[in-house]
Amino acid sequence: MISKKAHQTRIYRRIHKWISIVFVFFLVVIGITAILLAWKKELGLIPKTQTTKVENPSNWIPLERMMAIGQTFARDSLQKSDLIDRIDVRPEKGIAKIVFQRHFTEIQVDGFSGEILSVSQRNSDLVEKIHDGSILDFLMVSDSEISKITYSTLTSVVLLLLCFTGFFLWYLPKMIKKLKNQKVT
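None of the values given here were measured: they were computed from a predicted structure.

Caption draft 1: Region of interest: the overall build of the protein chain. Looking only at helices and strands, the protein chain features five helices and four strands. From first element to last, N terminus to C terminus, the protein chain shows the α and β order α-α-β-β-β-β-α-α-α. Compactness check: the protein chain gives a C-alpha radius of gyration of 26 Å against a globular reference of 16 Å for 185 residues, more than 25% above the reference. In terms of overall dimensions, the protein chain has a C-alpha envelope of 85 × 35 × 25 Å along the principal axes. Classification of the 185 residues of the protein chain by burial places 32% in the buried group. Carbon and sulfur atoms make up 62% of the accessible area of the protein chain, which totals about 11600 Å². The protein chain carries 26 positive and 17 negative side-chain charges, and their two centres are separated by 23 Å.

Written out as structure tokens, the structure is:
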């Protein structure tokens, strides 16, 4: 019985060791980027939201006009792609944040006047793409999420396997010690 438990422990140790060696880089990247994402505001990874004259949103310029202002600025002044990923409207601040698909630029537009209040890098979006593996899809200019799904699934399964084998590397030696103590008495 003891030799069987010792054999199981050696198997779990080998599995744990080789999975760790192969995937340590990815697990470290996920851990570091998770910390960066948790602290993104404190570390300045996201641009500070500007505030302007807060007016009734019904007095704002149309969203389509804000989009056109952001796209024109991205294309002409920044000489970057004008494909919009999303627009984050902040009525309480009087602004709209325009974020682009092919780069990490954020343009903040005054909802009342259409003035560009801020042009900044959204480093938190880059960190998030590294964290979840979608950086590969981004770099390959792919709308599919196959890299993200593969990366996230594989690293999650590996983490679960490491937890499982780690538990048995802790538990089986205790069992062996207990069995040895029972044999002695």
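Caption draft 2: Geometry of the pairing of strand E3 (residues 105–110). The buried fraction of E3 is high, at six of six residues. Alternating positions in E3 separate into two faces, Thr105, Ile107 and Val109 on one and Glu106, Gln108 and Asp110 on the other, with burial throughout. Linking strand E2 (residues 95–100) to E3, which pair antiparallel, is a turn of four residues. Here E3 pairs with strand E4 (residues 116–121) via five bridges, running antiparallel. Along E4, the bridge assignment pairs glutamine 108 with serine 118.

Caption draft 3: Broad picture of helix H2 (residues 63–77). End to end, H2 covers 21 Å across 15 residues, agreeing with the expected 21 Å (1.5 Å per residue, within 8%). For H2, the set of buried residues is Met66, Ile69, Gly70 and Ala74. For H2, the buried positions fall inside an angular range of 125 degrees around the axis, keeping them on one side. Those residues of H2 hidden inside the fold are in contact with E2, E3 and E4.

Caption draft 4: The arrangement of the layout of surface pockets in detail. In this structure, the largest pocket encloses a volume near 470 Å³. Lining the largest pocket are 20 residues, and of these Asp85, Gln101, Lys129, Ser134 and Phe138 lie nearest its centre. Broken down by secondary-structure element, the contributors of at least two residues to the lining of the largest pocket are strand E1 (84–90), E2, helix H3 (123–132) and helix H4 (135–139). In terms of residues, the lining of the largest pocket owes the most to one element, H3, which gives four residues.

Scoring rules and cut-offs
Residues numbered from 1 in each chain as written. Predicted model: local features only at pLDDT ≥ 70, side-chain atom pairs only at ≥ 80, totals over all residues. Heavy atoms only, no water. Helix = DSSP H or I, 4+ residues; strand = E, 2+ residues; numbered from the N terminus. Rg over C-alpha atoms; globule rule 2.2 N^0.38 Å. Buried < 20%, exposed > 50% of the residue type's maximum accessible area, 1.4 Å probe, protein only. Areas by Shrake-Rupley, 256 points an atom, 1.4 Å probe, with all protein chains shown as cover. Lys, Arg positive; Asp, Glu negative; His and termini not counted. Charge placed at Lys NZ, Arg CZ, Asp CG, Glu CD. Pairing = 2+ DSSP bridges. Expected span 1.5 Å × (residues − 1). Arc of directions from axis to C-beta. Contact = heavy atoms within 4.5 Å. 1 Å grid on protein atoms, 1.4 Å probe; cavity = no way out; pocket = protein on both sides within 12 Å on 5 of 7 lines; lining within 4 Å. Points joined across faces, edges and corners; volume = space filled by probe spheres on them.

The analysis is restricted to geometry; functional conclusions fall outside its scope.
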